[in-house]
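Summary of structural features
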Number of protein chains: 2
Amino acid sequence: KRKTKLDSNSLVTSILNQDITALSRAITLVESKNSTHKAQANTILKACLPHANKSVRIGITGVPGVGKSTFIEAFGKHLTAQGKRVAVLAIDPSSSITKGSILGDKTRMEALVKDDNAFIRPSASGDSLGGVARKTRETIILCEAAGFDVIIIETVGVGQSETTVHSMVDFFLLLKLSGAGDELQGIKRGIIEMADTIAINKADGDNIKQAKLAQVEFKRALHLYPEKASQWQPKVTLCSALENQGIEDIWNIILDYVRTTTKSKYFQHNRLEQNTFWLIQTVENQLKSNFFSTPKIKKALKEQIQLLENNKTTPFAAADYLLGIKD
Amino acid sequence: KRKTKLDSNSLVTSILNQDITALSRAITLVESKNSTHKAQANTILKACLPHANKSVRIGITGVPGVGKSTFIEAFGKHLTAQGKRVAVLAIDPSSSITKGSILGDKTRMEALVKDDNAFIRPSASGDSLGGVARKTRETIILCEAAGFDVIIIETVGVGQSETTVHSMVDFFLLLKLSGAGDELQGIKRGIIEMADTIAINKADGDNIKQAKLAQVEFKRALHLYPEKASQWQPKVTLCSALENQGIEDIWNIILDYVRTTTKSKYFQHNRLEQNTFWLIQTVENQLKSNFFSTPKIKKALKEQIQLLENNKTTPFAAADYLLGIKD
């Protein structure tokens, strides 16, 4: 126990000294399923907390092919050139199945990988999106304690992962292409609603004219959505990550967003809301899993579903029966 | 106890004899918060179950102004004219606030109200959509035991109520108007995805041309959605409830749907899925409310949120703390 405590203390000191090796080790502890590691991770997180929360957390989404990696590389380099320290994390709902990650192939961000002011961490794998999300949120805290000014959370434009990312970032950026309709781009309407800014990427060469048309159309479409809780009017902007165009504009929009929402106190309010959401969510998931994972309940649930199938019970009578077992 | 049992037995017998007064009394028991009434309701439901499940359950939604009441009246009269018995229920998420109901004003369905083969019941009020949904589902069972062939569940096109209705019906009908865009009609895209048929109402007089254009557009739009689990290709049809046009077509579509999905076994499969969904949902809601409603947890939750606000804990550490109290 003494050794662990010493290790934790020295890890925390190293993290606060911006030691990337220590940061990586702490993230590995956060991701571990081993209970000793988990306990150590919790100790480290607690010690890091007072030094966290000072970054800008940016969610970036867009379907495969939109140029996310190229964008993040250009965006990241723009920030590190200003002396900012940038961490790139990922939420990848498919990683639990493929055991891979969209950031696994770091060669796609060659320049950023080599940058001393950048830290790229492939997404944690896990059995559930909830588990992956917890690890990512705890990793954010560690990265912030390690002095990263900007945390980018990348996700692919499928499934529930955008909602998850949206619930852990300050600013949500949606990358799109001009020309292709929403359906073709596989973007759900709910995701457009979450965006604080839509950036139309690959707005270069012959594409520029079409991109400008798309910009006008998106601006009009966004006006139809109800006002955001942040009172922020989402922007639509053009960029070419490949040609390094429009990247600075996006960063300026984000700075404007942070300034405006900090002044209105929405920024702080939103972070507390997100924390409360994750607290409640974690408790609820644990309650469910505690209940349904006992052998007694598993067996009874099967029997009750059988009774439902034969019209011998109602869902509500069956629920009462199951809850009675637990008590 | 003996008296209650006798009452329950005679109520069940009367319900099975299609006695509307007995049916209404049983529904009132289902809706009651009194625990004796609840117990009696459960006894009655259990006795009714073997006689239930034989109707076609139809969900109908559409924003205010689309002509839902007029449609349900015309549709209901069409069915009772064929000797069918029709029950009309409602899920109204606003009823818990206004204590009113979209069906409260029965004068809007004058002819159907007077029809001996029709039964109209305003929506149950309740603190939560979940509570209202439970009462509605139990009311469906009672109506089926009372020999109703068609159960219509109406809802207004707002909030979560469509999803709730969709999870308790066999067939989901969306009423729309021609001319107005989705945004203006306040219809969320998810609702269009749930529809088994879209009926463009008020397709009469000068409106017919526009309604036909809307029909073509909707047909094209529906093709972009992924295939339904039922493998049913949603239809788009025109009607004028006011002029009693197109009503028979819609009923024929529904009959076709029931025939097709019964043959493919999706119909039965879907009902079991819905039952299982409601079982799990009920257990989960009860687990949450049991946990969070204890004074100890309420107090601790407040304290933990305070700690979150001061960056002194993480949502996950706070969750672990709360779950530790319960154990």
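Up top is the structure.
Analysis parameters
- Residues numbered from 1 in each chain as written.
- Chains lettered and ligands numbered in written order.
- Predicted model: local features only at pLDDT ≥ 70, side-chain atom pairs only at ≥ 80, totals over all residues.
- Heavy atoms only, no water.
- Least-squares fit on C-alpha atoms with pLDDT ≥ 70 in both.
- Contact = heavy atoms within 4.5 Å.
- Buried area = accessible area lost by both parts, 1.4 Å probe.
- Salt bridge = Lys/Arg side-chain N within 4 Å of Asp/Glu carboxyl O.
- Polar contact = N/O pair within 3.5 Å; in protein donor to acceptor, adjacent residues only side chain to side chain.
- Helix = DSSP H or I, 4+ residues; strand = E, 2+ residues; numbered from the N terminus.
- Nonpolar A, V, L, I, M, F, W, Y, C, P; charged D, E, K, R; others polar.
- Buried < 20%, exposed > 50% of the residue type's maximum accessible area, 1.4 Å probe, protein only.
- Pairing = 2+ DSSP bridges.
- Right-handed = clockwise from strand over helix to strand, strands pointing away.
- 1 Å grid on protein atoms, 1.4 Å probe; cavity = no way out; pocket = protein on both sides within 12 Å on 5 of 7 lines; lining within 4 Å.
- Points joined across faces, edges and corners; volume = space filled by probe spheres on them.
- Axes fitted to C-alpha atoms, helices over the stretch in contact; angles between N-to-C directions.

**Describing the relation of the copies chain A and chain B**
One copy of the chain maps onto the second through a rotation about an axis and a displacement along it. Take chain A, turn it by 180°, move it 0.0 Å along the axis, and it overlays chain B with an RMSD of 0.1 Å. The relationship between the two copies is best expressed as a two-fold rotation axis. Taken together, the interface assignments show that 100% of the residues at the interface of chain A recur at the interface of chain B, consistent with an identical surface on both copies.

**Quick word on the interface of chain A and chain B**
With 43 residues of chain A at the interface, the matching set in chain B holds 43 residues. With both sides pooled, the region where chain A packs onto chain B buries about 4,100 Å², and carbon together with sulfur makes up 74% of that total. Across the contact surface, chain A and chain B share four salt bridges. For A:D320, the salt bridge identified is with B:R134, shortest N-O distance 3.6 Å. Here chain A is connected to chain B by two residue pairs in polar contact (both at pLDDT 80 or more). Those elements giving two or more residues to the side of chain A that touches chain B turn out to be α3 (35–48), α7 (129–145), α13 (266–292), α14 (295–309) and α15 (315–326) of chain A. Of the residues forming the side of chain A that touches chain B, the biggest block, 14 residues, is contributed by α13(A). Residues of the side of chain A that touches chain B, tallied by class, amount to 22 nonpolar, ten polar and eleven charged.

**Remarks on the pairing of strand β1 (residues 56–62) of chain B**
All names here are of chain B. The element β1 is extensively covered by neighbouring structure, given that seven of its seven residues are classed as buried. On β1, burial covers both faces: V56, I58, I60 and G62 on one face and R57, G59 and T61 on the other are all buried. Note: β1 against strand β4 (residues 150–156), seven bridges, orientation parallel. Bridge assignment links I58 to a residue of β4, and that residue is I152. As paired elements, β1 and strand β5 (residues 171–177) share four bridges and run parallel to each other. Paired with I58 across the two strands is F171, which belongs to β5.

**Considerations on the pairing of strand β6 (residues 197–201) of chain B**
Residue and element names in this part refer to chain B. Within β6, five of the five residues are buried, leaving the element largely enclosed by the surrounding structure. Along β6, one buried face is formed by T197, A199 and N201 and the opposite face, lined by I198 and I200, is buried too. With five bridges joining them, β5 and β6 adopt parallel strand pairing. When the bridges of β6 are listed, L177 appears paired with N201. Where β6 lies against strand β7 (residues 235–238), four bridges are found, and the strand directions are parallel. Across the sheet, T197 pairs through a bridge with K235, a residue of β7. Running through helix α11 (residues 208–223), the crossover from β6 to the neighbouring parallel element β7 is right-handed.

**Describing empty space enclosed by the protein**
Residue and element names in this part refer to chain B. By the definition in use, this model includes four cavities of 30 Å³ or more. For the largest cavity, the lining is made up of 13 residues, of which N53, R57, R137, I141 and N275 are closest to its centre. For the lining of the largest cavity, the secondary structure elements donating two or more residues are α7 (129–145) and α13 (266–292). Per-element tally for the lining of the largest cavity: the top contributor is α7, with three residues.

**Details of the sheet that holds β1(B)**
Residues and elements named next belong to chain B. Reading across the sheet, the seven strands line up as β3-β2-β4-β1-β5-β6-β7 and stay open at both edges, with parallel pairing between neighbours. This sheet does not close on itself; its edge strands, each paired only once, are β3 (118–120) and β7. Each strand axis lies, on average, 25° off the axis of its neighbour in the sheet, ignoring direction. Together, β1, β2 (86–91), β3 and β4 form the strand contacts of α7, whose direction differs from that of β2 by roughly 175°.

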